[in-house]
Amino acid sequence: MEKINKIKLDAAFQAFLAQEVFMHSEATSFVFVRNFKVNLTDALSAGDGPYRVALHFDGIGWLRMEGLTHFEATEDGKLLLAGFDDRGRMNVALHLGKEPFPE
C-alpha cells in the first residue's frame, strides 16, 4: 500500500461508479461489514491526511470513513484503503471490489 494521493484515489474510484460493487468495511473493534453489495453512485474524498471518504450508494445511502492514510488498486480490480496510526496499527479499512470478497 502507498500513502494516499488524493488525485490518484479519486481516479481509482471512477472504476467503481455507476455499477454494483461489493464493499468490505471495518473500524477496529466497532464495525465490520463484508460483501455488502451496493450500486455506487458517488465517491468523495477530503482532507490533507488522514483522509475522509464518503460513498453514496443506491441513491439513498452514505458510508463515511475517516482516518484513511493508505490505498492500493490491485491487479485483480480491487480498491483497498486503510488507516494506520502513528505506531503502524490499522484502525480502519475500506475495500471495494467487483466480485465478492472471500469469506
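Please refer to the structure higher up on the page.
Residues numbered from 1 in each chain as written. Predicted model: local features only at pLDDT ≥ 70, side-chain atom pairs only at ≥ 80, totals over all residues. Heavy atoms only, no water.

(A) Main features of the overall build of the chain. When helices and strands are counted, the chain shows one helix and eight strands. When the helices and strands of the chain are listed from N to C terminus, the series reads β-α-β-β-β-β-β-β-β. C-alpha atoms of the chain, sized along the principal axes, occupy 35 × 30 × 30 Å. Counting only residues that meet the buried cut, the chain has 39% of its 103 residues in that class. For the chain, restricting intrachain contacts to residue pairs at least 6 apart in sequence, the fraction spanning at least 24 positions comes to 45%. (Helix = DSSP H or I, 4+ residues; strand = E, 2+ residues; numbered from the N terminus. Buried < 20%, exposed > 50% of the residue type's maximum accessible area, 1.4 Å probe, protein only. Contact = heavy atoms within 4.5 Å.)

(B) Looking closely at the pairing of strand β5 (residues 61-68). Relative to β5, strand β4 (residues 51-57) is paired through six bridges, and the arrangement is antiparallel. Within β5, the position partnered with Ala54 by the bridge is Arg64. Linking β4 back to β5 in an antiparallel pair, the connection comprises three residues, with Asp58 at a positive phi of about 55°. (Pairing = 2+ DSSP bridges.)

(C) Representation of the pairing of strand β8 (residues 90-97) in the model. Counting buried residues along β8, six of its eight residues qualify, which places the element largely inside the surrounding structure. Of the strand pairs in this sheet, strand β2 (residues 19-27) and β8 are connected by six bridges, and their pairing is antiparallel. Of the residues in β8, the one forming a bridge with Glu26 is Ala93. Sheet analysis places strand β7 (residues 79-84) next to β8, joined by six bridges and oriented antiparallel. Residue pairing for β8: Phe84 is matched across the bridge by Met90. Hairpin connection, β7 to β8: the antiparallel pair is bridged by five residues, and Gly88 has positive phi, about 85°.

(D) A look at the pattern of salt bridges. If you walk through the whole model with that rule in mind, you get six salt bridges. Its salt-bridge partner being Lys8, residue Glu2 comes within 3.6 Å of it at the nearest N-O pair. Residue classification places Glu2 among the partly exposed residues on the basis of a relative accessible area of 37%. Residue Glu20 pairs with Lys37 through a salt bridge whose shortest N-O separation is 3.6 Å. Of this pair, Glu20 sits in strand β2 while Lys37 is found in strand β3 (residues 31-46), placing the two residues 17 residues apart along the sequence. (Salt bridge = Lys/Arg side-chain N within 4 Å of Asp/Glu carboxyl O.)

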